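# Understanding the architecture of this molecule
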There are 2 protein chains.
Amino acid sequence: MADTSARRIDPAEEPAPSSEAPEIDFDLIELFFFAYRDFTSDPDHMLDELGFGRAHHRILHFINRRPGLTVAELLDVLQITKQSLARVLKQLIDTGHVMQVQGPRDRRQRELHLTAKGRALALALAAPQSRRISRALADLKPEDRSTVEHFLKEMVNREFRQQVDNLGHHEPESAEERS
Amino acid sequence: MADTSARRIDPAEEPAPSSEAPEIDFDLIELFFFAYRDFTSDPDHMLDELGFGRAHHRILHFINRRPGLTVAELLDVLQITKQSLARVLKQLIDTGHVMQVQGPRDRRQRELHLTAKGRALALALAAPQSRRISRALADLKPEDRSTVEHFLKEMVNREFRQQVDNLGHHEPESAEERS
DNA sequence: AGATTATGTCAACAAGGCTGACATAAATTT
DNA sequence: AAATTTATGTCAGCCTTGTTGACATAATCT
């Protein structure tokens, strides 16, 4: 029951990739779905115990990456609405994970910063994801990390590539890469 | 405004990756988030116009991949509850995208199949994702596709690797492949 | 016959998206 | 200086898609 394996049924029922559709890469599409599902599963479980959700994680992550970013910038990165952000952000502020400071140049702005508590949580959530990534890279050649990085970067819409580039703590990246 | 670039503020506020946390790979973590966000964006927009959501896409996808799979198997793959599935599946049946046929061996089971209409939609949704993937692979070496595939496969929890393997329409792929 | 299994369905709830409207303070423009 | 625009906050309410638990039916298995 619910044995998810062994089911090849009738070949006539296969999607017939060569004729109807010009080479749809179902394998990678599906793998990407599973990979992302499991990638988010570890932090999801931790968040659950704190009464938080994935939305909280995203906010913590981006504030951690760019301390001092403003609310507008965060909305821009997350591509959600003000209201969606507000609800979750408020919880993080109330629980002492995030602090707001009035913008120095423009006093209308609120710069977002993590507290020590927030930083600790952000790191704790990222840890299993990072471990998963390094396990996934483990039996690949060291150079393959940049292949994967390149692939993922190209998957991002052009309009947002810049966003991605700026977020990284990249060294100029001469010939080699990372350590 | 909301210029998402140029913000490096105070170096003291950086997460200090080397001391507090042992090498968290924030770059790939983040890239994976963006990549998946945009990966799903094209089909999401199309679904929107049909009054469907991402949940419908997943169902269409998996039925397309394994015509005749049962409800229990689908639940297993999607890892959602019966109720969550039922609601969405019902819509797809009512709109003529999915058909149910009584299981031949076990008449309690309902085998799920796409209609021509459902197949057409599944393909239409997959097309931009497939295009995105091949664009992302375009300036990599041809062998790098298997690097990416390997990476993604390793990102999946062990318990589900099998599921993934079985879903693919893989040729044996000679001397290679996992354990 | 009785238990288990596969599926369907009902009610109710929660998270986290969304919209539109409106308020305030600060900055910018006229 | 006044008017406008901008950055943020907040309110009310909606939708999708996830959740749980309970219960019904038919088919299969013991």
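An account of the accompanying structure is given in this report. What you are looking at is a predicted structure, and each value in this text was computed from that prediction instead of being measured.

### Topic: the sheet that holds strand 2 (residues 98-102) of chain A
All names here are of chain A.
- The strand order across the open sheet formed by three strands is 1-3-2, and the pairing between neighbours is antiparallel. Since the sheet does not close on itself, it has two edges, and those belong to strand 1 (69-70) and strand 2, each with one partner.
- Bridge count for strand 1 against strand 3 (residues 110-114) is two bridges, and the pairing is antiparallel. Paired with Thr70 across the two strands is Glu111, which belongs to strand 3.

### Some remarks on unusual backbone geometry
- Despite not being glycine, Gln79 of chain A shows a phi value in the positive range, around 55 degrees.
- Considering the arrangement of structural elements, one finds Gln79 of chain A in the loop between helix 4 (71-78) and helix 5 (82-94).

### Quick notes on helix 7 (residues 144-155) of chain A
- Its 12 residues give helix 7 of chain A an end-to-end C-alpha distance of 17 Å, which sits within 8% of 16 Å, the value for a rise of 1.5 Å per residue.
- Within helix 7 of chain A the residues assigned to the buried category are Asp144, Arg145, Thr147, Val148, Glu149, Phe151, Leu152, Glu154 and Met155 of chain A.

### Let's talk about the pattern of salt bridges
- Scanning the entire structure with this criterion turns up 22 salt bridges over all chains.
- The partner of Arg54 of chain A in a salt bridge is Asp44 of chain A, with the nearest N and O atoms 2.7 Å apart. One end of the pair, Arg54 of chain A, is in helix 3 (residues 54-65); the other, Asp44 of chain A, is in helix 2 (residues 41-49), and 10 residues separate them in sequence.
- Looking at Arg54 of chain A, the relative accessible area reads 37%, which means it is partly exposed.
- Via salt bridges that share partners, Asp25 of chain A together with Arg145, Glu149 and Lys153 of chain B belong to a single interconnected network.

### Structural notes on the protein's contact with DNA strand D
- Inspection of the region around DNA strand D gives 26 residues, with Lys82 and Gln83 of chain A together with Arg58, Ser84 and Arg87 of chain B positioned closest.
- Within 4 Å of the protein, atoms of DNA strand D come from sugar and phosphate in 55% of cases.
- Taking Val71 of chain A, its main chain carries an N or O atom lying 3.5 Å from a phosphate oxygen of DNA strand D.
- Between a phosphate oxygen of DNA strand D and a main-chain N or O atom of Thr81 of chain B, the distance comes to 2.6 Å.
- Of all the elements in the fold, those that place two or more residues in the surface near DNA strand D are helix 4 and helix 5 of chain A together with helix 3 (54-65) and helix 5 (82-94) of chain B.
- Grouping the amino acids of the surface near DNA strand D by side-chain chemistry returns six nonpolar, 10 polar and 10 charged.

Cut-offs and rules
- Residues numbered from 1 in each chain as written.
- Chains lettered and ligands numbered in written order.
- Predicted model: local features only at pLDDT ≥ 70, side-chain atom pairs only at ≥ 80, totals over all residues.
- Heavy atoms only, no water.
- Pairing = 2+ DSSP bridges.
- Helix = DSSP H or I, 4+ residues; strand = E, 2+ residues; numbered from the N terminus.
- Expected span 1.5 Å × (residues − 1).
- Buried < 20%, exposed > 50% of the residue type's maximum accessible area, 1.4 Å probe, protein only.
- Salt bridge = Lys/Arg side-chain N within 4 Å of Asp/Glu carboxyl O.
- Near = heavy atom within 4 Å.
- Polar contact = N/O pair within 3.5 Å; in protein donor to acceptor, adjacent residues only side chain to side chain.
- Nonpolar A, V, L, I, M, F, W, Y, C, P; charged D, E, K, R; others polar.

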